[in-house]
Amino acid sequence: MIFGYARVSSKEQNLERQLKELKVFSCDRIYTEKQSGKDFNRPVYQEMRAKMRFGDVLVVHDLSRFGRNKEEIRDEWKSLIDEEIDLVVLNMPILDTRKYKELEGMGQLVSDIVFTLLSWMVDDDRKRIRTAQQEGIAIAKQQGKYRGGKKRYHEGATGKDKVIYERVVQLLSANRSIVDIHREVGISRNTIYTIKADL
């Protein structure tokens, strides 16, 4: 059976281009997911993976749809190969393990070289994006434009959030520990530290 897998990282992104290519490839089943590729603990991917057997084929549009972490991609790739499940990466025809079944050793060598290069590129791209985000935030902070996430518990809060905020302030004033406050109120320790710093 030929399994197609299409993934984007967020709900705002579109799967259409990937789906079109997987349909053209005549996949028997196509699984779609809007989930980060930082690891393979993705519900839809795991559901698909549980159904795959010896002789099946997994098709993805490109390696970054498969995953974003080179070590995890390599481990998952090896696991599939060990189970004799073929892999096809549509935008990189050389990464089609079906082609090398008659060439003993050659297919593995070609796949290993190209795959290692591509997985490094995927991982490097992820790091580059994260670095760019951090640099952007740093510049915005210097310019006084960065506000970070909207605070939920603060002096001007309303309703339940205000009740929680006032209780945290009360407990801080009584010199209760952060851990004790966290256990009683149920909000994160980081949030309590932020309230304390604001006070």
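Residues numbered from 1 in each chain as written. Predicted model: local features only at pLDDT ≥ 70, side-chain atom pairs only at ≥ 80, totals over all residues. Heavy atoms only, no water.

Novice: So what's going on with the pairing of strand β4 (residues 86-89)? Residues and values would help.
Specialist: Burial of β4 is two-sided: the residues Asp86 and Val88 facing one way and the residues Leu87 and Val89 facing the other way are all buried. Both strand β3 (residues 57-60) and β4 contribute to a ladder of 4 bridges, which runs parallel. The residue of β4 that forms the bridge with Val57 is Asp86. (Buried < 20%, exposed > 50% of the residue type's maximum accessible area, 1.4 Å probe, protein only. Helix = DSSP H or I, 4+ residues; strand = E, 2+ residues; numbered from the N terminus. Pairing = 2+ DSSP bridges.)

Novice: Tell me about the packing of aromatic side chains, and name the residues and values.
Specialist: Throughout the structure, instances matching the rule amount to 3 aromatic pairs. On the numbers, 6.2 Å between centres and 25° between planes, the contact of Phe3 with Tyr31 is stacked. One end of the pair, Phe3, is in strand β1 (residues 2-8); the other, Tyr31, is in strand β2 (residues 29-34), and 28 residues separate them in sequence. Aromatic pair Phe40 and Tyr45: ring centres 5.2 Å apart, planes at 55°, arrangement tilted. Classification of Tyr45 as buried rests on a relative accessible area of 0%. Grouped by ring-pair contacts, the aromatic residues Tyr5, Phe40 and Tyr45 constitute a single cluster. Sitting over the face of the ring of Phe40, Arg42 holds its NZ or CZ atom 4.7 Å from the ring centroid. (Phe/Tyr/Trp six-rings, centres within 6.5 Å; stacked < 30°, edge-to-face > 60°. Lys NZ or Arg CZ within 6 Å of the ring centre and 35° of its normal.)

Novice: Describe unusual backbone geometry, and please don't skip the residues or the numbers.
Specialist: Even without glycine at this site, Ser26 takes up a positive phi of about 65°. Inspection of the secondary structure puts Ser26 in the loop between α1 (16-24) and β2. The backbone of Glu84 shows a phi angle near 60°, a positive value even though the residue is not glycine. With respect to the element layout, Glu84 can be found in the loop between α4 (70-82) and β4.

Novice: Outline the nonpolar core, supporting the account with residue identities and numerical values.
Specialist: The biggest cluster of nonpolar side chains holds 18 residues, and the ones touching the most others in it are Tyr45, Met48, Leu58, Phe66 and Leu80. Contributing elements (two or more residues each) for this core: β1, α2 (43-51), β3, α3 (63-66), α4 and β4. Per-element accounting of this core gives the leading share, 3 residues, to α4. With residues near it in sequence (within four places) discarded, Met48 still touches Phe3, Gly4, Tyr5, Tyr31 and Leu58. Counting residues in each nonpolar core, the second largest holds 12 residues, with Tyr153, Ile164, Ile181 and Ile192 among its members. (Core = buried A, V, L, I, M, F, W, Y, C linked by side-chain atoms within 4.5 Å. Contact = heavy atoms within 4.5 Å.)

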